[in-house]
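One-letter residues, chain by chain:
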Amino acid sequence: MLILQIIVLLAFIFIGVRLGGIGIGYAGGVGVLVLGLVCGMTPGAIPWDVILIIMSVIAAISAMQLAGGLDYLVQIAENILRSNPKHINYLAPIVTYVLTIFAGTGHTAFSMIPVIVEVAKEQGIKPVCPLSIAVVSSQIAITASPVSAAVIYMTGVLEPFGWSYPTLLGIWIVTTFAGCMVTAFVMTLIQNMDLNSDPVYKDRLAKGLVKAPQGATHREISASAKKSVWIFLVGVIAVVLYASAISPAVGIVSPVIVGRDAAIMGIMLTIGTLITVMCKIKVDEVASCSVFKSGMVACVCVLGVAWLGNTFVAGHTKEITEFSSTTVAQNPALLAVIFFFAAMLLYSQAATAKAITPAVVTALGITAANPGDSYMLVATFAAVSALFVLPTYPTLLGAVQMDDTGTTRIGKFVFNHAFFLPGVLAIVFSVVFGFAACAVF
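What you are looking at is a predicted structure, and each value in this text was computed from that prediction instead of being measured. (Residues numbered from 1 in each chain as written. Predicted model: local features only at pLDDT ≥ 70, side-chain atom pairs only at ≥ 80, totals over all residues. Heavy atoms only, no water.)

Student: Lay out the overall build of the protein with the relevant residues and their values.
Tutor: Counting its secondary structure elements, the protein contains 19 helices and zero strands. Against the 2.2 N^0.38 benchmark of 22 Å for 441 residues, the protein shows a C-alpha radius of gyration of 22 Å, consistent with a compact globule. Projected onto its principal axes, the C-alpha coordinates of the protein cover approximately 60 × 50 × 45 Å. With 441 residues in all, the protein has 54% of them scored as buried. Taking as baseline every contact in the protein between residues at least 6 positions apart, the subset at least 24 positions apart corresponds to 82%. For the protein, the accessible surface area stands at approximately 18000 Å², while carbon and sulfur atoms represent 69% of it. (Helix = DSSP H or I, 4+ residues; strand = E, 2+ residues; numbered from the N terminus. Rg over C-alpha atoms; globule rule 2.2 N^0.38 Å. Buried < 20%, exposed > 50% of the residue type's maximum accessible area, 1.4 Å probe, protein only. Contact = heavy atoms within 4.5 Å. Areas by Shrake-Rupley, 256 points an atom, 1.4 Å probe, with all protein chains shown as cover.)

Student: Tell me about the nonpolar core, and please be specific about residues and values.
Tutor: Grouped together as the largest cluster of nonpolar side chains are 137 residues, with contacts concentrated most on Leu-81, Trp-172 and Met-268. With ten residues, the top contributor of residues to this core is helix 3 (residues 48–66). Excluding residues that lie within four positions of it along the chain, Met-268 makes contacts with Ser-56, Val-57, Ala-60, Val-147, Phe-232 and Val-239. (Core = buried A, V, L, I, M, F, W, Y, C linked by side-chain atoms within 4.5 Å.)

Student: Which residues make up the pattern of salt bridges, and what are the values?
Tutor: Tallying each qualifying case throughout the model produces nine salt bridges. The residue Glu-78 makes a salt bridge to Arg-82 at a minimum N-O spacing of 2.9 Å. Of this pair, Glu-78 and Arg-82 both sit in helix 4 (residues 69–83), four residues apart, which is roughly one turn of the helix. On the accessibility criterion, Glu-78 (3% relative accessible area) is buried. The residue Asp-404 makes a salt bridge to Lys-121 at a minimum N-O spacing of 3.1 Å. (Salt bridge = Lys/Arg side-chain N within 4 Å of Asp/Glu carboxyl O.)

Student: Just give me the short version of the side chain of Ser-132, but keep the residues and values in it.
Tutor: Counting through the fold element by element, Ser-132 comes out in helix 7 (residues 128–140). A polar atom in the side chain of Ser-132 sits 2.8 Å from the backbone oxygen of Val-128. Beyond its immediate sequence surroundings of up to four residues, Ser-132 is in contact with Gln-191, Ala-418, Phe-419 and Pro-422. (Polar contact = N/O pair within 3.5 Å; in protein donor to acceptor, adjacent residues only side chain to side chain.)

Student: I'd love a proper account of the environment of Ser-374, names of residues and values included.
Tutor: You can see Ser-374 is positioned in the loop between helix 16 (349–363) and helix 17 (375–380). Ser-374 sits in the buried class, given a relative accessible area of 2%. Separated by 213 residues in sequence, Ser-374 and Phe-161 place their C-alpha atoms 7.0 Å apart. In this structure, Ser-374 is in contact with Leu-158, Phe-161, Trp-163 and Ile-366, ignoring residues within four places of it in sequence.

Student: Which residues make up the packing of helix 7 against helix 18 (residues 394–402), and what values go with them?
Tutor: Relative orientation of the contacting elements helix 7 and helix 18 amounts to 160°, with a least axis distance of 10 Å. Compared by their axis directions, helix 7 and helix 18 come out roughly antiparallel. Classified by chirality, the crossing of helix 18 by helix 7 is right-handed. Judged by residue contacts, Leu-131, Val-135 and Gln-139 of helix 7 engage Thr-395, Leu-396 and Ala-399 from helix 18. Taken together, the residues of the contact of helix 7 with helix 18 sort by class into four nonpolar, two polar and no charged. (Axes fitted to C-alpha atoms, helices over the stretch in contact; angles between N-to-C directions. Parallel < 35°, antiparallel > 145°, perpendicular 65-115°, else oblique. Left-handed = near helix turned anticlockwise from the far one by under 90°. Nonpolar A, V, L, I, M, F, W, Y, C, P; charged D, E, K, R; others polar.)

Student: Describe in detail a nonpolar patch on the surface, supporting the description with residues and values.
Tutor: On the surface, Met-1, Leu-4, Leu-33, Leu-37 and Val-38 cluster together to form a nonpolar patch covering roughly 550 Å² of accessible area. Here Leu-37 shows up in helix 2 (residues 23–37). (Patch = residues over 30% accessible without salt bridge, like charges linked within 9 Å, V, L, I, M, F, W, Y side chains within 5 Å.)

And the structure:
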């Protein structure tokens, strides 16, 4: 029966990956039915808190996009890239990292992909070099964003064990950013960045399939666009301040009447309200924004595939607990491997954290009175970002499709694609730095 359950789990994840996009969520729902009706497994918990946080953050970002705020951010980012184009391998991941930290979603990288391709072509650099690192950086940054569902969940788990919200946020921002920058350095050393040496590019150029660089894009930025960005920034700061204030280790606000999840959702919806009123956007057009559409697709994907993963994990908590208690306790780095493979299948940082963390906490006997091994969760958290392993994540596909030079491509063997090596390196470096940071604290 266990073998059958594993087959069902992997089969519907594979079907979802083949369908792509929202199909991952669809297939996950079917998998839950099959596990329940055929394999006799009780459906697991639906991660409503994760879904609702994603919805509220996306709703606020969509209002900002409608007001022109994202265009303003893209213009700032483009100016940064064009100010020192020779260092695009470093500037591109910095830009996508910061955008994700700010917005709590890696989908903001979509707006930067065409700019990165343009600047790389102007410099005779293969766009795949900065693109691969930038896309990976946008995914890793989810584990350091104060408004991402993954960070909100993990801080809630770890705070009772003596980790304060500001400390966790500081560790994750420093270690993941350092991991991405070291990865950029390594990839710059080992890659052949000469665009004119790429045979696929030369073939596409000969066939007239490569567009000439267009130069800097001029965008009319309204006062409302800038205002919407400032409103959103104030909201993000409010989230950080409130989450820090209610942290048990800080204890400024006590007793806590409004919990972290409720506060963050409320603040995000407040941001949407303020942008609507102060920037005079047409609220009925919010649902047509690209960010809103991609965000709602993400919610359905989390609903389906995380529900499927939770169903399987909940049915085998005992086995997972035994495995974790004997292996992870002896070699803490193995927790990163567990997170890595779970994220590869569950396709969401937040869903992975929620599916695996409770079992690990139980297995290692971590409690408020005995928080000793909780550092493992802090150090290895970045490993839940392994969404790049299967080349089907939207930003990966977007990078492949928008790079008209053909240098960003997927190999014949699925895993041999442009994002695999920088992704693995970024996670390894982030986890190593995570253990080093935990040793200090």
